[in-house]
Amino acid sequence: MSLIEIKNVTMGYEGVPVLKNLSFVVNKGDYLCIVGENGSGKSTLMKGILGLNAPIDGEIVYNNLDKSEIGYLPQKKMIQKDFPASVMEVVLSGCVKRKFHIFHNRYDREIAEKNISIVKMSNHKKRSFSDLSGGQQQRVLLARALCATEKVIVLDEPVTGLDPIATADMYSLIKEINRKGITVIMVTHDINSAVRNASHILHISDTAFYGTAHQYIHSEVGNKFLLTECPCDVCSHLPKRRGDNV
């Protein structure tokens, strides 16, 4: 079942296109990674999906989904590191998006507790956010984003600045969330991890590619940028691709 349809969309700023005539569909349960070079329009598209920017041309259609039901984890900013609140308070703030008031009730706390547990931070819920490691902070912000949705979550470079162990933990959590039925749309520069984890890849370039991760690995653009081999049984004998990450 399709949740979001991008139909011949052109997007940009002040009437100047950044990406043109893009079409693809995000279905329920997909794990879509959006990749491409700097300036290709990844963030512009993400803002369009979130309803923050309107297309110059074409349309973005939501099926059985309201824009307010999309959870969002933005790129981590340095200012967030010293945020003076507890883990529970930070996560609870994610419940505001789906309400018309700022006061939290018992149901909000149950949702927050559930999502803190999903990201494996239950033992830290009373700690100050500023006292956490970078990886722990990102997990808390992921739980906050989950409080806004049970359908779709959009992640903007969620592992930026994390060490290898924290990065692996974050990817594992995102995959677990997807297995629970939440559709994932992630903007990333890490193409190799994208094809290992995602069900679908959108590569924005002069000629955009959209397809399954398997199709991307065997595509012309995939061969150019990947340093990985296809994990499927049929292709496990193939040599590694050569290239550079975007």
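Conventions we followed
- Throughout, residues of each chain are indexed from 1 in the direction in which the sequence is written.
- A pLDDT threshold of at least 70 governs which residues receive local features in this predicted model, and a stricter bar of 80 or more applies before side-chain atom pairs are shown or counted, although totals over entire chains, interfaces and linings include all residues.
- In computing side-chain properties, one takes all heavy atoms of the structure into account and sets aside hydrogens as well as water.
- Helix and strand labels come from DSSP, where a helix needs a run of H or I of at least four residues and a strand needs a run of E of at least two; each type is numbered from the N terminus.
- A 1.4 Å probe rolled over the protein chains alone gives each residue an accessible area, and that area as a share of the maximum for its type sets the label: buried under 20%, exposed over 50%, partly exposed in between.
- Contact criterion: two residues are considered in contact whenever any of their non-hydrogen atoms come within 4.5 Å of each other.
- The method behind every accessible area is Shrake-Rupley, applied with a 1.4 Å probe, and residues are considered shielded solely by the protein chains displayed.
- As a per-residue measure, pLDDT reflects the predictor's confidence and takes values from 0 up to 100.
- Stacked, edge-to-face and tilted labels apply to pairs of Phe, Tyr and Trp rings (six-membered ring for Trp) whose centres lie within 6.5 Å, assigned for plane angles under 30 degrees, over 60, and everything in between, in that order.
- Any carboxyl oxygen of Asp or Glu within 4 Å of a side-chain nitrogen of Lys or Arg constitutes a salt bridge here.
- Strands are labelled as partners when DSSP assigns at least two bridges between them.
- Orientation is described by axes fitted as lines to C-alpha atoms, over the contacting stretch for helices, and by angles from 0 to 180 degrees between their N-to-C directions.
- For our purposes a nonpolar core is just a set of buried Ala, Val, Leu, Ile, Met, Phe, Trp, Tyr and Cys residues, chained together by side-chain atoms within 4.5 Å.
- Expected span of a helix: the number of residues minus one, times 1.5 Å.
- The directions considered for the arc are those from the helix axis to the C-beta atoms.

Turning our eyes to something else, we now look at the overall build of the protein. Each helix and strand in the protein was counted, giving 8 helices and 9 strands. In the protein, which comprises 246 residues, the proportion classed as buried is 50%. Summarising the internal contacts of the protein: among those between residues at least 6 apart in sequence, 62% fall at separations of at least 24. Summed over all atoms, the accessible surface of the protein reaches about 12500 Å², with 51% contributed by carbon and sulfur.

Across the protein, the average pLDDT comes to 87, with 87% of residues at or above 70. Segment residues 237–246 is flagged for pLDDT under 50; beyond a separation of four residues in sequence, or across chains, it makes 33 contacts in the model.

On to unusual backbone geometry, then. The phi torsion at N8 lies on the positive side, around 50 degrees, for a residue other than glycine. By secondary structure assignment, the location of N8 is in strand β1 (residues 2–13). Even without being glycine, N21 reaches a positive phi, approximately 50 degrees. Within the secondary structure layout, N21 lies in strand β2 (residues 16–27). Since its relative accessible area comes to 55%, N21 is described here as exposed.

Turning our eyes to something else, we now look at the packing of aromatic side chains. Applying the stated rule across the entire model yields 2 aromatic pairs. Ring plane angle 35 degrees and centroid distance 5.5 Å describe the contact between F24 and Y210, whose orientation is recorded as tilted. Of this pair, F24 sits in strand β2 while Y210 sits in strand β9 (residues 209–212), placing them 186 residues apart in sequence.

Another aspect to go through is the pattern of salt bridges. Inspection of every chain in the model, using the stated rule, returns 5 salt bridges. With a closest N to O distance of 3.7 Å, E5 and K7 form a salt bridge. When its relative accessible area of 19% is taken as the criterion, E5 is described as buried. Owing to a relative accessible area of 35%, K7 belongs among the partly exposed residues under this scheme. The salt bridge involving K120 is made with E176; its shortest N-O contact spans 3.2 Å. In this pair, K120 sits in the loop between α3 (106–118) and α4 (134–146) while E176 sits in helix α5 (residues 164–179), placing the two residues 56 residues apart along the sequence. Look at E176 and you get partly exposed, because its relative accessible area is 25%.

What follows concerns the sheet that holds β2. Pairing between sheet strands relies on hydrogen bonds along the backbone, with the strands arranged either parallel or antiparallel. Ordered by their spatial adjacency, 3 strands build an open sheet running β2-β1-β4, and the pairing between neighbours is antiparallel. For this open sheet the edge positions go to β2 and β4 (57–62), each flanked by a neighbour on one side alone. Here the average twist between neighbouring strands, direction ignored, is 15 degrees. Sheet topology places β1 next to β4; 5 bridges connect them, and they run antiparallel. The partner of E5 across the bridge, within β4, is V61.

Moving on: the environment of A213. Among the secondary structure elements, A213 is positioned in helix α7 (residues 213–217). Using a relative accessible area of 7% as the deciding quantity, one classes A213 as buried. For the pair formed by A213 and L202, sequence separation is 11 residues and the distance between their alpha carbons is 9.2 Å.

Here is a general trend for soluble globular proteins: nonpolar side chains tend to be buried in one another's company. Counting residues in each nonpolar core, the largest one holds 51 residues, and the members touching the most others are L142, I201 and Y216. Discounting chain neighbours no more than four positions away, the residues touching I201 are L32, C33, V35, A194, V195, F209, Y210, G211, T212, A213 and Y216.

An α-helical segment advances 3.6 residues per turn. Residues three or four places apart therefore align on the same side. With 16 residues, α5 extends 23 Å between its outermost C-alpha atoms, agreeing within 8% with the 22 Å of an ideal straight helix rising 1.5 Å per residue. What α5 keeps buried is the set A166, T167, M170, Y171, L173, I174, I177 and N178. The buried residues of α5 occupy an angular sector of 160 degrees when projected down its axis, which confines them to one face. Facing away from the buried side of α5, by more than 90 degrees, are the exposed residues P164, I165 and R179. Where α5 is buried, its residues touch β3 (31–36), α3, α4, β6 (152–156), β7 (183–187) and α6 (191–197). Positive backbone phi, approximately 110 degrees, marks G181, located one or two places after α5.

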